[in-house]
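# Commentary on secondary and tertiary structure
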Amino acid sequence: ISGTFIGDYDGRAVNLGDATGIVTTISGIITTTSTTCSDAACFEELINSAIDKFSTSVTDESLTDAIIAWAYERLPPVKQLWDTWVVTTSFDSTTGTNPF
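To start, this report covers the structure provided alongside it. A quick note: this is a predicted structure, and the numbers were derived from the prediction, not measured. (Residues numbered from 1 in each chain as written. Predicted model: local features only at pLDDT ≥ 70, side-chain atom pairs only at ≥ 80, totals over all residues. Heavy atoms only, no water.)

### Looking at the overall build of the chain
Secondary structure summary: the chain contains 2 helices and 0 strands in total. Within the chain, residue pairs in contact and separated by at least 24 positions form 56% of the contacts whose partners lie at least 6 positions apart. With the model as given, the accessible surface of the chain reaches about 7700 Å², and the carbon-plus-sulfur share is 54%. (Helix = DSSP H or I, 4+ residues; strand = E, 2+ residues; numbered from the N terminus. Contact = heavy atoms within 4.5 Å. Areas by Shrake-Rupley, 256 points an atom, 1.4 Å probe, with all protein chains shown as cover.)

Set out below in structure tokens:
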């Protein structure tokens, strides 16, 4: 979480207003590199492992914990995210691209 949503990179405060009841969708791309995989099966396992780790962070609420911790630790803090949560059933993934 960075960029203009939180006041650019200079730590300045941004008045985002009350975020109560706001629901948003976050999309992302998971990338990975390997110096040990030399075939499609190995890389497929690496891709699936990365997706599983992120999926687990959604379902076990550790992503929620990380967002809240970041919101408190950032200077200035992002109070709008102090009472936030990630819907634990919301993770969705498309097929990874295997370079082999």
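There is more to say after this.
### Considerations on the packing of aromatic side chains
Within the structure shown, the criterion is met by 2 aromatic pairs. Centroid distance Phe54 to Phe91: 5.7 Å. Interplanar angle 55°. Geometry classified as tilted. Of the two residues, Phe54 sits in helix H1 (residues 40–59) while Phe91 sits in the segment after helix H2 (62–73), which places them 37 residues apart along the sequence. Residue Phe54 is classed as partly exposed on the basis of its relative accessible area, which comes to 37%. Centroid distance Tyr72 to Trp82: 4.2 Å. Interplanar angle 5°. Geometry classified as stacked. Taken together, the residues Tyr72 in helix H2 and Trp82 in the segment after H2 connect sequence positions 10 residues apart. Using a relative accessible area of 29% as the deciding quantity, one classes Trp82 as partly exposed. (Phe/Tyr/Trp six-rings, centres within 6.5 Å; stacked < 30°, edge-to-face > 60°. Buried < 20%, exposed > 50% of the residue type's maximum accessible area, 1.4 Å probe, protein only.)

### A word on unusual backbone geometry
For the bond from Leu75 to Pro76, the omega torsion is -5°, close enough to zero to count as cis. Mapped onto the elements of the fold, Pro76 is located in the segment after H2. One non-glycine residue, Glu61, lies in positive phi territory at about 70°. Position of Glu61 among the secondary structure elements: in the loop between H1 and H2.

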